[in-house]
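Listed below are the residues making up each chain.
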Amino acid sequence: EAQVTQNPRYLITVTGKKLTVTCSQNMNHEYMSWYRQDPGLGLRQIYYSMNVEVTDKGDVPEGYKVSRKEKRNFPLILESPSPNQTSLYFCASMLAGGGADTQYFGPGTRLTVL
Amino acid sequence: GENVEQHPSTLSVQEGDSAVIKCTYSDSASNYFPWYKQELGKRPQLIIDIRSNVGEKKDQRIAVTLNKTAKHFSLHITETQPEDSAVYFCALHPGGGNKLTFGTGTQLKVEL
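The written sequence of each chain sets the order in which its residues are numbered from 1. Chain letters start at A and ligand numbers start at 1, both assigned in the order the entries are written. This being a predicted model, a pLDDT of at least 70 is required before a residue's local features are given, and a value of 80 or more before pairs of side-chain atoms are given or counted; all residues contribute to the totals for chains, interfaces and linings. To get the side-chain values, all heavy atoms of the structure are used, and hydrogens and water are removed first.

*Asks:* Just checking my understanding: could you explain the overall build of chain B for this structure?
*Replies:* By the criteria applied, helices consist of DSSP H or I runs no shorter than four residues and strands consist of E runs no shorter than two, each listed in order from the N terminus. In terms of helices and strands, chain B carries zero helices and eleven strands. Moving toward the C terminus, one meets the helices and strands of chain B in the order β-β-β-β-β-β-β-β-β-β-β. Here chain B has a C-alpha radius of gyration of 13 Å; the compact-globule value for 112 residues is 13 Å, and the two agree. Overall, the C-alpha framework of chain B stretches about 45 × 25 × 20 Å when taken along its three principal axes. A burial count over chain B gives 44% of its 112 residues as buried. For chain B, the accessible surface area stands at approximately 5,500 Å², while carbon and sulfur atoms represent 46% of it. When charges are counted, Lys and Arg are positive and Asp and Glu negative, with His and the chain ends excluded. Lys charges are placed at NZ, Arg charges at CZ, Asp charges at CG and Glu charges at CD. Here chain B carries 12 positive and 13 negative side-chain charges, and the mean point of each set is 6 Å from the other. Note on method: radius of gyration uses C-alpha positions; expected globular size equals 2.2 Å times residues raised to 0.38. To sort residues, take the accessible area from a 1.4 Å probe on protein chains only and compare it with the maximum for the residue type: under 20% means buried, over 50% means exposed, and anything in between is partly exposed. Using a 1.4 Å probe, the Shrake-Rupley method yields the accessible areas, and only the shown protein chains count as cover for residues.

Given below as structure tokens:
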């Protein structure tokens, strides 16, 4: 089944404890992206990747890192999480191009930073 | 980056009525305008999209219209049903950009 998966689905952590949220897609998509969803603010892009080893900042990259060593994986790294990073995170992928096509979202990761 | 204004933020309609959600933008080079539906506790999913060379697109009970001159696009849902209750996000692809910019969402509630 073609899909985007994320792990973990739920995470409660404490300020300053490094964490990684994994994202994987099995559709051979070139484009992958991370969003955070907060009430009243919609979906805001954190980072995106046009292809392997190509990543770029979205609208809210501060406090986050990403890597794209393989086509299928696009992990989101929080080196020193803070309470303002408590949010619902979505990974998404798209076949190719810069955004003008269907994005397929993962199931989401609800992160709470205490 | 490009901003997208979405209105209303909440919308309540009676079953069988129509619902309209509108988004406005400022970048005239924007060329792709999708709409995503997010049911409670689930991921956003594309329901319809339109490109800048088309004025209107329909898919059964949903339609999207684009007015490039006025820089706005709208989602129209006819004969609403309870399963249409969800959050709807508009988005756009800025010309020359590499990403989608999303609106802030509309919570649609279809009441029996």
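*Asks:* Quick question: what am I supposed to make of the nonpolar core here?
*Replies:* Nonpolar side chains tend toward joint burial in soluble globular proteins. Formed by 23 residues in total, the largest nonpolar core has its most connected members in B:Phe33, B:Trp35, B:Phe73, B:Leu75, B:Ile77, B:Tyr88 and B:Leu108. If you list the elements that add at least two residues to this core, you get strand E2 (10-14), strand E3 (19-25), strand E4 (32-38), strand E5 (45-51), strand E7 (62-67), strand E8 (72-77), strand E9 (86-92) and strand E11 (106-111) of chain B. Discounting residues that sit within four places of it in the chain, B:Phe73 has contacts with B:Ile21, B:Lys22, B:Cys23, B:Tyr25, B:Phe33, B:Pro34, B:Trp35, B:Thr65, B:Leu66, B:Cys90, B:Ala91 and B:Leu92. As used here, the term nonpolar core means buried Ala, Val, Leu, Ile, Met, Phe, Trp, Tyr and Cys residues forming a set that is joined through side-chain atoms within 4.5 Å. If you look at the next biggest cluster of nonpolar residues, it comprises 19 residues, including A:Val4, A:Val21, A:Trp34 and A:Leu111. In what follows, residue pairs with any heavy atoms lying within 4.5 Å of each other are defined as contacts.

*Asks:* So what exactly am I meant to see when it comes to the side chain of A:Ser24 here?
*Replies:* All names here are of chain A. Checked against the element boundaries, serine 24 lands in strand E3 (residues 19-25). Polar contacts, as counted here, are pairs of nitrogen or oxygen atoms within 3.5 Å of one another; within protein the pair requires one atom able to donate a hydrogen and one able to accept it, and residues that are adjacent in sequence qualify only if both atoms are side-chain atoms. At 3.1 Å, the side chain of serine 24 forms a polar contact with the side chain of asparagine 73. Apart from the residues within four sequence positions on either side, serine 24 is in contact with Gln3, Val4, Thr5, Arg72 and Asn73.

*Asks:* Please explain the environment of B:Tyr88 as it appears in this structure.
*Replies:* Residue and element names in this part refer to chain B. As for its placement among the helices and strands, tyrosine 88 is situated in strand E9. Here tyrosine 88 is in contact with Gln6, Ile21, Tyr36, Lys37, Ile47, Leu75, Ile77, Gly105, Thr106 and Leu108, once residues within four sequence places are set aside. In this structure the side chain of tyrosine 88 is engaged in a polar contact, spanning 2.6 Å, whose partner is the backbone oxygen of aspartate 84.

*Asks:* Is there a simple way to explain the pattern of salt bridges in this structure?
*Replies:* The term salt bridge refers to a pairing of a side-chain nitrogen on Lys or Arg with a carboxyl oxygen on Asp or Glu at a separation within 4 Å. Inspection of the entire model under this criterion finds ten salt bridges over all chains. In this structure, the salt-bridge partner of B:Glu39 is B:Lys37, at a minimum N-O distance of 3.5 Å. Since its relative accessible area comes to 32%, B:Glu39 is described here as partly exposed. Salt-bridge contacts for B:Asp49 lead to B:Lys57; the nearest nitrogen and oxygen are separated by 2.9 Å. Since its relative accessible area comes to 14%, B:Asp49 is described here as buried. Residue class for B:Lys57 comes out partly exposed when judged on its relative accessible area of 37%. One connected set of salt bridges, linked through shared partners, spans A:Lys18, A:Lys65 and A:Glu79.

The values reported here are purely geometric and, on their own, carry no functional implication.
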